[in-house]
Amino acid sequence: MSLPTIDISPFLNPSSTAASRKQTAQAINTACTQYGFFYLTNHGIPTATQDHIISLARSFFALPLSQKLQIKRHDAGGPEGGDGARGYQPMGDNVTAGRRDMHEAVDWYREWDHAAKTEGSGGKGTSAPLQGTNLWPSEPTDLKDVYEEYVKQVLTVGEAVVRAMGVAIALLCNGEGEVDDEVFVKSTDMSFWVMRMIGYPKLSSSVAPSESGSTAADMENEFSCGEHTDYGCITLLLTDPTPGALQVLHKDGQTWINADPIPGAFVVNIGDMMERWTNGLWKSTKHRVIHRGDGYRVSVPFFYEPNFDAVVEPLGACVRKSGREPVHQGSTYGEHLLGKVLSNFY
Ligand SMILES: N=C(N)NCCCC[C@H](N)C(=O)O
Ligand SMILES: O=C(O)CCC(=O)C(=O)O
Ligand SMILES: [Fe+2]
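Residues numbered from 1 in each chain as written. Chains lettered and ligands numbered in written order. Predicted model: local features only at pLDDT ≥ 70, side-chain atom pairs only at ≥ 80, totals over all residues. Heavy atoms only, no water.

The protein appears in an unreviewed UniProt entry as Fe2OG dioxygenase domain-containing protein from Periconia digitata. Within the UniProt record for the protein, the comment given under Sequence similarities (unreviewed entry) is "Belongs to the iron/ascorbate-dependent oxidoreductase family." (UniProt positions renumbered as here; feature names shortened; annotations may be inferred.)

See the structure below:
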């Protein structure tokens with residue numbers, strides 16, 4: 001079993017035909033209904049740029065801990081402010097489902113000043129934990145410039161994918177009433193994006209997940225990143241070539257599929273907000289990382305998320321198409337994100 005591939009070029013190229021866009025949209029429907037994960041090709045970001053992003057990440061993680069700690073994140077903010085969940089998180093600090101993940105990471109978010117459209121959420125309030133300024137390492141010296149340029153490029157790709165997803169959902173729910181095929185574009189036009197640079201040492205334990213008789217130490221060493229769903233709209237994942245690390249849960253709920261990297265392609269998956277909008281027609285699929293292969297693995301997921309203030313609720317046509325009650329009564333993406341971020345640390 002392997003994941004489908006989506007050619008996004010019809011949504012990036014202004015002279016593409018309606019037929020080619022429809023073909024891409026239909027392929028997205030199949031991929032998101034069956035897997036919630038796919039490979040994305042013809043996205044316009046050169047392989048050399050992707051390789052540069054990965055090699056800078058590798059150089060950063062190879063630095064002495066004391067140097068990495070210069071941009072350490074201390075907390076997820078709070079009423080007195082903090083670093084807004086931005087900065088370096090040492091090995092074992094991240095927690096998924098109550099267990100330590102065996103990875104280290106740096107997070108950057110959209111700068112807060114521009115994140116909120118309204119006065120209310122721009123002030124200190126419930127959003128305080130995410131207000132802060134990005135922390136950039138002084139080494140590698142060109143990391144900040146290269147990553148900031150990459151953010152601009154990957155935002156263009158994210159926009160094209162959610163545009164295609166709007167067309168896809170309108171096709172899928174055709175006949176179930178009005179569907180605004182720009183709904184995802186409008187709700188992400190100030191995307192409160194997150195970029196995360198992750199380093200994974202090879203796990204030392206040889207115990208398989210949940211094998212009985214494993215000791216406490218083994219358990220701590222079981223997952224590079226425990227099983228979870230992503231929080232928002234879509235994730236555009238870039239990784240080094242290490243195979244066998246990222247695993248995606250098949251919708252049978254039992255089989256883990258290896259999402260091995262394909263050179264030049266992004267691994268894309270949908271997050272919780274996309275599942276909510278589509279009332280479960282598309283699934284925010286569980287995935288995990290177990291790195292027992294060779295070498296130190298690095299990845300850089302880019303989370304293309306809704307606006308902080310976007311109200312996300314099931315679309316009427318999707319509710320009718322699904323034949324189910326609405327899966328959620330609606331809330332802002334910011335509220336959903338805060339609930340996640342505040343429970344993410346050891
Ligand atoms: N989607 C993001 N930001 N990915 C990092 C998630 C790792 C899972 C997280 N600790 C959790 O418990 O959900
Ligand atoms: O490193 C990877 O391959 C995936 C990471 C991931 O799932 C996440 O950070 O949300
Ligand atoms: Fe993830």
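What follows picks up the thread again.
Asker: Even after reading the chapter, I still don't get the sheet that holds strand S8 (residues 225-228), so can you show me in this structure?
Answerer: Strand pairing in a sheet relies on backbone hydrogen bonds. The paired strands run either parallel or antiparallel. The strand order S8-S13-S10-S11 describes an open sheet built from four strands, whose pairing is antiparallel. Because the sheet does not close on itself, it has two edges, and the strands there are S8 and strand S11 (256-258). Across the sheet, the axes of successive neighbouring strands diverge by a mean angle of 20°, strand direction being ignored. Note: S8 against strand S13 (residues 287-289), two bridges, orientation antiparallel. What sits directly across from His228, in S13, is His287. (Pairing = 2+ DSSP bridges. Helix = DSSP H or I, 4+ residues; strand = E, 2+ residues; numbered from the N terminus. Axes fitted to C-alpha atoms, helices over the stretch in contact; angles between N-to-C directions.)

Asker: In this structure, what is going on with the coordination of the iron ion (ligand 3)? I would like to understand it.
Answerer: Octahedral metal centres with six donors ideally show angles of 90 or 180 degrees, and tetrahedral centres with four donors ideally show 109.5 degrees. The protein atoms donating to the iron ion (ligand 3) are His228 (NE2), Asp230 (OD) and His287 (NE2), with metal-donor distances spanning 2.1 to 2.2 Å. Each donor residue of the iron ion (ligand 3) lies on one chain, and together they are spaced H-x1-D-x56-H. With His228 in strand S8 and His287 in strand S13, the pair connects residues that are 59 residues apart, well separated along the chain. (Donors = N, O, S within 2.8 Å, 3.2 Å for Na, K, Ca; no water.)

Asker: Can you help me understand the site of ligand 2 in this one?
Answerer: Contacts to ligand 2 come from Ile198, Tyr200, His228, Asp230, Leu237, Leu246, His287, Val289, Arg297, Ser299, Pro301 and Phe303. The side chain of Asp230 places a nitrogen or oxygen atom 3.1 Å from an oxygen atom of ligand 2. Note that an oxygen atom of ligand 2 is positioned 3.1 Å from one of the side-chain N or O atoms of His287. Relative to its free-state accessible area of 300 Å², ligand 2 is covered by the protein chains to the extent of 94%. Judged by its atoms lying within 2 Å of the grid points, ligand 2 is housed in the largest pocket. (Near = heavy atom within 4 Å. Polar contact = N/O pair within 3.5 Å; in protein donor to acceptor, adjacent residues only side chain to side chain. Areas by Shrake-Rupley, 256 points an atom, 1.4 Å probe, with all protein chains shown as cover. 1 Å grid on protein atoms, 1.4 Å probe; cavity = no way out; pocket = protein on both sides within 12 Å on 5 of 7 lines; lining within 4 Å. Sits in = over half its atoms within 2 Å of the grid points.)

Asker: How should empty space enclosed by the protein be read in this particular structure?
Answerer: Taking a probe equal in size to a water molecule and rolling it over the atoms shows the remaining empty space. Applying the stated criterion across every chain, the model contains one cavity of 30 Å³ or more. The volume enclosed by the largest cavity comes to roughly 40 Å³. The residue inventory of the lining of the largest cavity, partitioned by class, reads seven nonpolar, three polar and two charged. (Points joined across faces, edges and corners; volume = space filled by probe spheres on them. Nonpolar A, V, L, I, M, F, W, Y, C, P; charged D, E, K, R; others polar.)

Asker: Honestly, the pattern of salt bridges in this entry has me stumped. Any pointers?
Answerer: Close approach of charged atoms allows side chains with opposite charge to pair. One pass over the structure, following the stated rule, counts twelve salt bridges. Where Glu182 meets Arg163, a salt bridge forms, and the shortest distance between an N and an O atom there is 2.7 Å. Residue Glu182 is located in the loop between helix H5 (143-172) and helix H6 (183-186), and its partner Arg163 is located in helix H5; the two are separated by 19 residues in the primary sequence. For Glu182, a relative accessible area of 31% gives the class partly exposed. (Salt bridge = Lys/Arg side-chain N within 4 Å of Asp/Glu carboxyl O. Buried < 20%, exposed > 50% of the residue type's maximum accessible area, 1.4 Å probe, protein only.)

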